[in-house]
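# Chain and residue survey
Now for the letters of each chain:
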Amino acid sequence: MPDWYELESACLDCRGCALAETRTNVVFGVGPRDAEVLLVGEGPGEQEDLTGEPFVGRAGKLLDDMLAIIGLDRRSNVYITNIVKCRPPQNRDPLNVEQDACIGYLRNQTALLRPKLIVCLGRIAATRLIREDYKITREHGQWVEKKGIWMTAIYHPSALLRDPRKRPETFEDLKAIQAKIRETCTHTYSELPAL
Ligand code: URA
């Protein structure tokens, strides 16, 4: 089992699939390495590829706002990464072969982090991490426990930008995530004053 340093170094040097040919930067992940909440998106977009940080484009700004609503912040209490660490050209869905080549990094990140909760951002992460035939429209906000980790999925922030009518449902899902954190996490909210 690698440590964080070894894992990140291996990932930054990875040539495990064809995305290595077209990437500018590998986007490993961001956040405290003792976070109890892990957020998993799909893959880097253009801004992420250019900066090496996940969710820094328009969708990322919305994600930060969504997290702020429930007292979460990428620098202090959540870890954010993606199913694939390199940008798929033209932001197409990552191919299965690319996901397969990359998923070991996420497995190892999860093993090192030992999160209490995993929140899948969108369909790609949910079908990969929760169930192959997961239906985001029908099942978002529901919880399943896998190997002692509570898992859920919410709409991807890009989907919320495309269709703002989905936002009220996502607000409900965020409140449920906040309740689950209060139930299962020990230090995620500890720095915040009691409401
Ligand atoms: N969309 C994703 O799924 N991940 C990112 O890092 C940015 C946009």
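Predicted model, so just to flag it, every value in this text is computed and none were measured.

## Concerning the site of the ligand
- Residues in contact with the ligand, as listed here, are Gly41, Glu42, Gly43, Glu48, Pro54, Phe55, Asn82 and His156.
- One nitrogen or oxygen atom from the main chain of glycine 43 is found 3.0 Å from a nitrogen atom belonging to the ligand.
- Contact between the ligand and histidine 156: an oxygen atom at 2.8 Å from a side-chain N or O atom of the residue.
- Isolated, the ligand exposes 240 Å² of accessible area, and the fraction of that covered by the protein chains is 92%.
- Its residues assigned to classes, the shell around the ligand comprises two nonpolar, four polar and two charged.

## Digging into the side chain of threonine 184
- Considering the arrangement of structural elements, one finds threonine 184 in helix H9 (residues 167-184).
- A polar contact is formed between the side chain of threonine 184 and the backbone oxygen of lysine 180, at a distance of 2.8 Å.
- Every residue in contact with threonine 184, bar those within four places of it in the chain, is listed here: Lys116, Leu117 and Trp150.

## A few points about the confidence of the model for the protein
- The share of residues in the protein with pLDDT of 70 or more is 97%, and the mean pLDDT across the chain is 96.
- The least confident element of the protein is strand E4 (residues 144-146), whose mean pLDDT is 97; the most confident is strand E3 (residues 117-121), at 99.

## Re the environment of tryptophan 143
- As for its placement among the helices and strands, tryptophan 143 is situated in the loop between helix H7 (136-139) and E4.
- Classification of tryptophan 143 as partly exposed rests on a relative accessible area of 22%.
- In sequence terms tryptophan 143 and alanine 176 are 33 residues apart; their C-alpha atoms lie 9.6 Å from each other.
- Apart from the residues within four sequence positions on either side, tryptophan 143 is in contact with Leu117, Trp150, Met151, Thr152, Ala176, Ile177 and Lys180.

## Let's talk about the environment of leucine 50
- Looking at where leucine 50 falls in the secondary structure, it is placed in helix H3 (residues 46-51).
- Relative accessible area serves as the criterion here: at 49%, leucine 50 is assigned to the partly exposed category.
- A sequence separation of 117 residues divides leucine 50 from arginine 167, and the C-alpha atoms of the two residues are 28 Å apart.
- Beyond its immediate stretch of four places on either side in the chain, leucine 50 contacts Thr24 and Asn25.

## Quick word on the packing of helix H1 (residues 4-12) against helix H5 (residues 96-113)
- The geometry of H1 relative to H5 is characterised by a closest axis approach of 11 Å and an angle of 165° between their N-to-C directions. For the element pair H1 / H5, the angle class is roughly antiparallel. The way H1 lies across H5 gives a crossing that is left-handed. Taken together, the residues of H5 that come into contact with H1 (itself represented by Trp4, Leu7, Ala10 and Cys11) are Tyr105, Asn108, Gln109, Leu112 and Leu113.
- In the contact of H1 with H5, the residues fall into seven nonpolar, two polar and no charged.

The rules behind each value
- Residues numbered from 1 in each chain as written.
- Predicted model: local features only at pLDDT ≥ 70, side-chain atom pairs only at ≥ 80, totals over all residues.
- Heavy atoms only, no water.
- Near = heavy atom within 4 Å.
- Polar contact = N/O pair within 3.5 Å; in protein donor to acceptor, adjacent residues only side chain to side chain.
- Areas by Shrake-Rupley, 256 points an atom, 1.4 Å probe, with all protein chains shown as cover.
- Nonpolar A, V, L, I, M, F, W, Y, C, P; charged D, E, K, R; others polar.
- Helix = DSSP H or I, 4+ residues; strand = E, 2+ residues; numbered from the N terminus.
- Contact = heavy atoms within 4.5 Å.
- pLDDT = per-residue confidence, 0-100.
- Buried < 20%, exposed > 50% of the residue type's maximum accessible area, 1.4 Å probe, protein only.
- Axes fitted to C-alpha atoms, helices over the stretch in contact; angles between N-to-C directions.
- Parallel < 35°, antiparallel > 145°, perpendicular 65-115°, else oblique.
- Left-handed = near helix turned anticlockwise from the far one by under 90°.

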